[in-house]
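# A look at the structure
So you can see what is in the structure, the chains are spelled out below.
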Amino acid sequence: LYKLFDLLNKDRIAILTGDPGVGKSTMCKMLGYLFSSKRDSEYLVLERNIDEIQDVIEIYNQNYRQEKSKKLFIVFDDFLGRTALDTSERQIKKLRTLYSLVSNSENLYILLNSRTQILNAAKNEDIEFGQIIDNKHNKKITIDISKYSPVEKARIFRKNIELEFDSQSLSEKKVMNAKYNELIDGKKYRVIINHRNFNPRLIGLIASQSLKNEGDYFEYCIKSLSDPSQLYEGLFKKMPETHKLFLACLYCFEEYPVVLREIENSFKEIFTDSNYDLREIEKDLEESWIIIKNDESLKNE
């Protein structure tokens, strides 16, 4: 985090990469907090889509180019897409525009975030794109869980347990405390933090289900890490039927992101019962199963 913070303060643009679930989006938010709390100037922190570069240019030109005392920090989360990539000439042009914009300004900071696999695939498919990314002046930071020490992984695990623990009643805390002590006894937690599938997102899910699990908690943790689909399947089964059908509608689309209106129309065709609130369903699923963002290129959310 602080290596990336120092890099951005110096070069004002950087790329953050890593596998799914390692904490890239969380780190972006943390960097936003670090910049907004700096005392050397007034900072505005924004998250934007790569297709909104022209809007970013207009915001900067209108409010920041002549106001050196004000600074703008922008995060482009998943700038190459969440599940697919597009390295067309249009995308390359947008990337060049970003680097040019930063090099010709003094108070603009930009963070580009992408999954490692998508970034590598984009470089392999397009030589010109790879040259831009691998240019020695363009700095990259990669979050690599395999390089985390056992102590760091243990801290990640404990913090997720604590986060869940703090929100429980006294009786529930006693249950969680007993489950936690199961892991401490005989240092069983070491098997968890050294598991090949150790991942902050999975650990967060395992911690959130700790009270609902019956039986040996250690076995549950190992089973969930070894076969994460079982963890998601368990969560899915406990959902209301309306929520399951909404996700089924989303799953049927071939390309993402999808226009929200199109999913809603499909949902209404499948689920004809009028006793549901579509907005409430979307609200319940957002940030856990789906992400809703305003994207001008789609003319919708």
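First things first, this report covers the structure right here in the doc. (Residues numbered from 1 in each chain as written. Predicted model: local features only at pLDDT ≥ 70, side-chain atom pairs only at ≥ 80, totals over all residues. Heavy atoms only, no water.)

## Notes on the packing of helix α7 (residues 150-166) against helix α10 (residues 200-208)
In contact at an axis separation of 9 Å, α7 and α10 are set at 35° when each is read in the N-to-C sense. Considering the relative orientation of α7 and α10, their crossing is right-handed. Taking contact as the criterion, the partners of Ile156, Phe157, Asn160, Ile161 and Glu164 in α7 are, on α10, Pro200, Ile203, Gly204, Ala207 and Ser208. Class assignment of the residues belonging to the contact of α7 with α10 gives a composition of 6 nonpolar, 3 polar and 1 charged. (Axes fitted to C-alpha atoms, helices over the stretch in contact; angles between N-to-C directions. Helix = DSSP H or I, 4+ residues; strand = E, 2+ residues; numbered from the N terminus. Left-handed = near helix turned anticlockwise from the far one by under 90°. Contact = heavy atoms within 4.5 Å. Nonpolar A, V, L, I, M, F, W, Y, C, P; charged D, E, K, R; others polar.)

## Overview of the pattern of salt bridges
Evaluation of the coordinates by the stated rule reveals 8 salt bridges. For Lys71, the salt bridge identified is with Asp40, shortest N-O distance 3.4 Å. Note that Lys71 is positioned in strand β3 (residues 70-76) and Asp40 in the loop between α2 (24-36) and β2 (42-47), a separation of 31 residues in sequence. A relative accessible area of 15% means that Lys71 is categorised as buried. Taking the relative accessible area as the measure of exposure, Asp40 reaches 49% and is therefore partly exposed. The partner of Glu233 in a salt bridge is Lys237, and the shortest N-O contact between them spans 3.5 Å. With a gap of 4 residues between them, Glu233 and Lys237 both fall in helix α12 (residues 228-237), about one helical turn apart. The class of Lys237 is exposed, set by a relative accessible area of 55%. Beyond isolated ion pairs, a larger network of salt bridges with shared partners links Lys38, Asp40 and Lys71. (Salt bridge = Lys/Arg side-chain N within 4 Å of Asp/Glu carboxyl O. Buried < 20%, exposed > 50% of the residue type's maximum accessible area, 1.4 Å probe, protein only.)

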